[in-house]
Structure formats: structure tokens, C-alpha cells
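Chain and residue survey
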Amino acid sequence: MPELPEVETMCRCIAAAVGGRIRDIVQPKSRLQSITISPPLVKFRRQARGRTVTAIRRLGKRVVLDLDDKRQGRSRQGVRPMNDDAREAAGDCIVLEPRMTGLVLLADPPDDEHLRLIFQLQGGGARHILFWDQRGLGVARFLSHAQFLRHYGPRRLGPDALTITVETLRQRLEGSRRPIKTALLDQQVLAGIGNLYASEILHLARIHPALPCRRVRGAQWSKLHAAMGQVLQAAIRHQGSTLRDGTYRIARNQSGDYQVYHRVYQRAGDPCLNCGTGKIVRIVQAQRSTFFCPTCQQRGR
DNA sequence: CATATGTCCTGAGAGC
DNA sequence: TGCTCTCAGGACATAT
């Protein structure tokens, strides 16, 4: 399940595709249901053909391919630098949402049967961008700038989890009755955190996942904010987490590393690596597994 | 308005 | 062996 660190890794791995011009978009024949392509492929292809990828950005858990202006042709295009604020694009773009099992790669998909979409390129440093997705819950969208704002504007997507300030984080959550873990998963609150990293972050911050946001105290906001940065940065350094199901990979034979450093996720029954006395527990919140240490993460403090 | 639940999808694993 | 069932969860739609 690609979250911020995995999607950041994908973006870095496909950066060579910047400068490439989209020749065509091909959907391999498959016995499986098609992923969601919006607008439908015929129109998508018509709009994307001939456009140059000017930048590749991460937007929360999504990959964005910025495109040059159609009317302008290809010669005057400079390469737009990667930008921290994901909402700076001015033109059309393609957004790829990996959701549960999607991967965006330049080559070596885990297998061919789940290859969903091929963006054929010319020029630039890559021949194509591949969208591979085992379960097929992923989405590919072609969006005008106005559509992009409608889909992914500040009302739909909160500030990025890597760059949000502690003040903003606090502002957006304090007073809410929701459990802190559920709130961290809400992409309107902040973008990028999913089920795995929510558990890891709360464990590092030593906050009980069921603690209502309004009960989080002053010092805990700083701890939470710091833990978010630490966990996400470390996970990026290790190129994300490849879980037991082995779905996420950087290429066919290359896994992420960060699963080795998980302290709670999928470790129910194991001793806590902080205190050594507690056993990691699994609970269910909003239909999702949460893992935590009842000793280190008490509701009170 | 805030929060909760159902739905999509595939493959793995359990149980009979 | 081979069938059916359940489960995993990101994002969105719908319900309370």
C-alpha cells in the first residue's frame, strides 16, 4: 500500500522521464478488469499525445506528471524544478493514484499480467512510464488545471505530511472528537499518511491511537509532529516498506527496506522494542488494523 | 457540520 | 484436491 515514502520513492525512480514527449498511451490486453481511466482512454490519449512531461511531483500519495502547454509546442519548454508545494502546476497534468497495489515504474514490472497502462515516450531519459497494479483499484487521470484544483485543491487535500508545520497540524486537529489515528489517515487533514505509517508514527510519539484529538496535549503535538518527520524521512531513506505480501517494489527484483525497522506494524504479539515489557496489540479502528504498545502508548499522558 | 460505514478489486490463506 | 469464504486497505460515495 503505497503511502508517502513509497510514492516519493516512485517519483525519484521515474525522474528520468522528465523531458520525454508522450507518443502514445497503451492499455495492454488483459483478462482483468480495467483500472479507472479518466477520461476514458480514447479521449485521454487524444489529449495527452504530443505533450512533454515537464516535471514529476508527488502529491500526497499520488504521482503527478506535469505537461507542457499544447499550443506552445515542445521547443520553448524549460524543465520545471521539483517543487515542495505540490499545487504549483499551472497547466494540464496526468495524475496516477496507486491506491492499494499500484506501482509507477520505468521498467521491470513484477509481472506483465498486471501491467495496466504504458505511457510511451520519446526524447528525455526514459522510453516509457509503466503503471502496474495488482488489484486494479488504481486510477489514472488527465486533468486541466481547473479540474486539478477541483480534484486536488486545498479543500480536498491537506498540506503535505513532510512539510506541514506543527502549528498547522495542531490547528487542523485540535477540538475534534475523532481518534488521532483516524484523523491522521484523513487526506483532507494532511496528505501522505496511510495505515502503516500512522501506527509507526503514533508509537514513536507514544500516543494512544484511540486518543481523541481534543485530548492531545500541548507537548504531544510537538512529539507527534517530530515523529511524523522522523518516521517518514527514515522510510524514504530506505525506499519505503515492502510488506509480507511483497507487492510494493521499486522494480521486479528490488524491495524497499523500511519494513525491517517497523516497530509495531504487523508485529502483534511481539515484545515492544521500546519498553521490552509490553506486547504489541492489534485493534481495529474504522475497519483498519491499528498496532500499538499498551505500555508505551497510554491514553492518559 | 462531523463522523461513520459501504464499495470497488485481486490473490492469499483458512477451513472443510 | 478443490471449492468457498474471509481478509487486506486508499479513496470516494453515501448515510447517520
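Below is a summary of the structure that appears in this document. The structure displayed is predicted, hence computed values, not measured ones. (Residues numbered from 1 in each chain as written. Chains lettered and ligands numbered in written order. Predicted model: local features only at pLDDT ≥ 70, side-chain atom pairs only at ≥ 80, totals over all residues. Heavy atoms only, no water.)

For the structure shown, the criterion picks out 15 salt bridges. Taking the shortest distance from any N to any O, the salt bridge between Arg57 and Asp66 comes out at 2.6 Å. Asp66 sits in the buried class, given a relative accessible area of 2%. As a salt-bridge pair, Arg58 and Asp160 come within 2.7 Å of each other at their nearest N and O atoms. In this pair, Arg58 is assigned in strand S3 (residues 53-59) and Asp160 in the loop between helix H3 (145-152) and helix H4 (166-173), connecting sequence segments 102 residues apart. There is no split in this pair, since Arg58 and Asp160 are both buried. The network of salt bridges with shared partners includes Glu8, Arg12, Arg58 and Asp160. (Salt bridge = Lys/Arg side-chain N within 4 Å of Asp/Glu carboxyl O. Buried < 20%, exposed > 50% of the residue type's maximum accessible area, 1.4 Å probe, protein only. Helix = DSSP H or I, 4+ residues; strand = E, 2+ residues; numbered from the N terminus.)

As a structural note, the neighbourhood of DNA strand C is formed by 14 residues, with Met100, Leu137, Tyr265, Arg282 and Arg288 the closest of them. Each atom of DNA strand C within 4 Å of the protein belongs either to a base or to sugar and phosphate, the latter forming 71%. In the model, a phosphate oxygen of DNA strand C is placed 2.9 Å from a nitrogen or oxygen of the Tyr265 side chain. In the model, a phosphate oxygen of DNA strand C is placed 2.6 Å from a nitrogen or oxygen of the Arg282 side chain. (Near = heavy atom within 4 Å. Polar contact = N/O pair within 3.5 Å; in protein donor to acceptor, adjacent residues only side chain to side chain.)

Attention shifts here to the protein's contact with DNA strand B. Close to DNA strand B lie Arg31, Gln33, His114, Gln134, Arg135, Leu137, Ser176, Arg177, Arg178 and Gln287, which account for all nearby residues. Within 4 Å of the protein, atoms of DNA strand B come from sugar and phosphate in 83% of cases. Residues belonging to the surface near DNA strand B are distributed by class as follows: one nonpolar, five polar and four charged. (Nonpolar A, V, L, I, M, F, W, Y, C, P; charged D, E, K, R; others polar.)

Each pair of packed helices can be summarised by the angle the axes make with each other and by the distance between the axes. It is the contact of helix H6 (residues 195-205) with helix H7 (residues 218-237), at a shortest axis distance of 8 Å, that shows an interaxial angle of 130°. When the axis of H6 is compared with that of H7, the two are oblique. The handedness of the crossing between H6 and H7 comes out as right-handed. Where H6 abuts H7, its residues Tyr197, Glu200, Ile201, Leu202, Leu204 and Ala205 lie against Lys223, Leu224, Ala227, Met228, Gln230, Val231, Leu232 and Ala235. Taken together, the residues of the contact of H6 with H7 sort by class into 11 nonpolar, one polar and two charged. (Axes fitted to C-alpha atoms, helices over the stretch in contact; angles between N-to-C directions. Parallel < 35°, antiparallel > 145°, perpendicular 65-115°, else oblique. Left-handed = near helix turned anticlockwise from the far one by under 90°. Contact = heavy atoms within 4.5 Å.)

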